[in-house]
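Fold and geometry: a report
Letter by letter, the chains look like this.
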Amino acid sequence: MAQRTSAHDLLLKSGKELFNNRRFSDAEIIVGDRVWPVHRSILCPRSVWFNSAFTNGLSESHTAKVTLREQDPDIIHLVLQFLYACDETKLTDLTLVKLLELYRAADFFGIDSLGDDIISHLNNRLLAQATGIWKSRENPNGAFAQSLPFGDITQHWSDEDLKQFFSAAHIAFADCPVFERPRQAMTKFLRETGVILGKEPRFMCALKDQPELAVVMVELLMDTENQGAKSPVYSETPRKCDGCNKAPKTPLFAQTWVVKQFRTGKLSLRGLCQECFGKKEGQDKA
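Report on the accompanying structure. Remember, predicted model here, so these are calculated numbers, not experimental data. (Residues numbered from 1 in each chain as written. Predicted model: local features only at pLDDT ≥ 70, side-chain atom pairs only at ≥ 80, totals over all residues. Heavy atoms only, no water.)

Focus: the pattern of salt bridges
- One pass over the structure, following the stated rule, counts eight salt bridges.
- One salt bridge connects Asp72 with Lys98, and the closest N-O pair in it is separated by 3.2 Å. Of this pair, Asp72 sits in the loop between β3 (65-67) and α5 (73-85) while Lys98 sits in helix α6 (residues 96-108), placing them 26 residues apart in sequence.
- On the accessibility criterion, Lys98 (27% relative accessible area) is partly exposed.
- Sharing partners across several salt bridges, the network here consists of Asp72, Lys98 and Glu101. (Salt bridge = Lys/Arg side-chain N within 4 Å of Asp/Glu carboxyl O. Helix = DSSP H or I, 4+ residues; strand = E, 2+ residues; numbered from the N terminus. Buried < 20%, exposed > 50% of the residue type's maximum accessible area, 1.4 Å probe, protein only.)

Quick notes on the side chain of Gln210
- Structurally, Gln210 is set in the loop between α10 (201-207) and α11 (211-222).
- In terms of polar contacts, Gln210 uses its side chain to reach the backbone carbonyl oxygen of Phe166, at 2.8 Å.
- For Gln210, the contacting residues outside a window of four places in its chain are Phe166, Ala169 and His170. (Polar contact = N/O pair within 3.5 Å; in protein donor to acceptor, adjacent residues only side chain to side chain. Contact = heavy atoms within 4.5 Å.)

Description of the pairing of strand β1 (residues 27-31)
- Along β1, four of the five residues are buried, which leaves the element largely enclosed by surrounding structure.
- Across five bridges, β1 lies against strand β2 (residues 34-38) in antiparallel orientation. Looking at β2, one finds that Glu28 is bridged to Pro37.
- In this structure, the hairpin formed by β1 and β2 is closed by a connection of two residues, where Gly32 is found at a positive phi of approximately 60°.
- Pairing of β1 with β3, which is carried by three bridges, proceeds in the parallel orientation. Bridging from a neighbouring strand, Ile30 pairs with Thr67 of β3. (Pairing = 2+ DSSP bridges.)

So, the packing of α6 against helix α8 (residues 159-172)
- Interaxial distance between α6 and α8 falls to 8 Å at its minimum, and their mutual angle equals 25°. As judged from the angle between their axes, α6 and α8 are roughly parallel. Of α8, the residues touching α6 (which contributes Leu96, Val97, Leu100 and Arg104) are Gln164, Phe165, Ser167, Ala168, Ile171 and Ala172.
- When grouped by side-chain class, the residues that make up the contact of α6 with α8 number seven nonpolar, two polar and one charged. (Axes fitted to C-alpha atoms, helices over the stretch in contact; angles between N-to-C directions. Parallel < 35°, antiparallel > 145°, perpendicular 65-115°, else oblique. Nonpolar A, V, L, I, M, F, W, Y, C, P; charged D, E, K, R; others polar.)

Regarding the packing of aromatic side chains
- Enumeration over the complete set of coordinates arrives at 13 aromatic pairs.
- On the numbers, 5.0 Å between centres and 5° between planes, the contact of Phe50 with Phe109 is stacked. Highlighted residues: Phe50 in helix α3 (residues 48-55) and Phe109 in the loop between α6 and α7 (112-135), separated in sequence by 59 residues.
- Phe109 sits in the buried class, given a relative accessible area of 0%.
- With a centroid separation of 5.2 Å and 55° between ring planes, the pair formed by Phe166 and Phe203 is classed as tilted. Taken as a pair, Phe166 in helix α8 and Phe203 in helix α10 lie far apart in primary sequence, 37 residues in all.
- Taking the relative accessible area as the measure of exposure, Phe166 reaches 6% and is therefore buried.
- For Phe203, a relative accessible area of 0% corresponds to the buried category. (Phe/Tyr/Trp six-rings, centres within 6.5 Å; stacked < 30°, edge-to-face > 60°.)

Overview of the environment of Phe108
- Within the secondary structure layout, Phe108 lies in helix α6.
- Each C-alpha atom of the pair Phe108 and Val178 lies 9.0 Å from the other, and the pair is 70 residues apart in sequence.
- In this structure Phe108 touches Trp49 and Gln71, once residues within four positions along its chain are discounted.

A look at the nonpolar core
- Grouped together as the largest cluster of nonpolar side chains are 69 residues, with contacts concentrated most on Ile29, Leu43, Phe165, Leu190 and Phe203.
- With sequence-adjacent residues up to four places away left out, Ile29 is seen in contact with Arg34, Val35, Trp36, Val38, Leu43, Phe50, Phe54, Val66, Leu68 and Ile76. (Core = buried A, V, L, I, M, F, W, Y, C linked by side-chain atoms within 4.5 Å.)

Focus on α5
- Helix length check: α5, at 13 residues, gives a terminal C-alpha distance of 18 Å against a target of 18 Å (1.5 Å per residue), a fit within 8%.
- Listing the buried residues of α5 in full gives Ile75, Ile76, Leu78, Val79, Leu80, Phe82, Leu83, Tyr84 and Ala85.
- Residue Asp72 occupies the N-cap position of α5, its side-chain oxygen lying 2.9 Å from the main-chain nitrogen of Asp74.
- Of the residues trailing α5, Cys86 is marked for its positive phi of about 50°. (Expected span 1.5 Å × (residues − 1).)

Here we look at the packing of α7 against helix α9 (residues 180-197)
- Interhelical geometry of α7 versus α9 gives an angle of 5° and a closest axis separation of 10 Å. With respect to each other, α7 and α9 are oriented roughly parallel. Packed against α7, whose contacting residues are Gly115, Asp116, Ile119, Leu122, Asn123, Leu126, Leu127, Gln129, Ala130, Ile133 and Trp134, the element α9 presents Arg181, Pro182, Ala185, Met186, Lys188, Phe189, Glu192, Thr193, Val195, Ile196 and Leu197 at the interface.
- Each residue belonging to the contact of α7 with α9 can be placed in one class, and the counts come to 14 nonpolar, four polar and four charged.

Notes on α6
- Compared with an ideal rise of 1.5 Å per residue, which puts 13 residues at 18 Å, α6 spans 18 Å between its outermost C-alpha atoms and is within 8% of the ideal.
- Of the surrounding elements, those touching the buried residues of α6 are α5, α7, α8 and α9.
- Once α6 finishes, Gly110 follows within two positions and takes phi at roughly 65°, a positive value.

Spelled out as structure tokens, the structure:
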């Protein structure tokens, strides 16, 4: 018996075929020397901007041709692909910079679902990187180091990962309200990994050229909200998870600083293991 195709797979397949074949197209999107035959019945219900462009009574609504200036044609191609097929798997192949450029386009064209998918993917990608960075604290026997110095993180966070992060941060932390949600995702990443990255030479060297990001990093490390001007330089990894109260078998994600010895300013971390962190994330989203 032939396996039935789900409604989602059917829509995905038909959307891709319609985008690639352009049968029955009734409009054109033009960027430079590239032209995409499109269907207004697809674009208008899914994009606030395209709906306005094709129905506002101006020349575009009469000629059915929209010329986009100062737009990256590769990003426009991705936008149109999403409008036709809503295929978020394409995000996996994009660099962090391309993700943010696509997020900016999603905001411009009023495609909320694409923006939501990008933020979800960004959070998941940064969470995976944070997990890898914390694995740098593993000893050869699989246990986690409980004090400084930290291990080498290059195996889990390569030079290319670092380069992509700072290139994306340069965009996200610019004075632009569009990138508020990406900024939150990247700040969360720094909160989870700052105790390690704050001692990592490559990261600190690159941070010198990113004053906006440096300010965020300092605020996180100083923990101004809870501890005032306390430096985490003398910090320690939590010896147990604050959620399940067990010794960590997986990397712990830092949650907050607590003063261990007031006179010396020595701090310890409170954190959650990966399992409890995942549960907390689920509760926050609920």
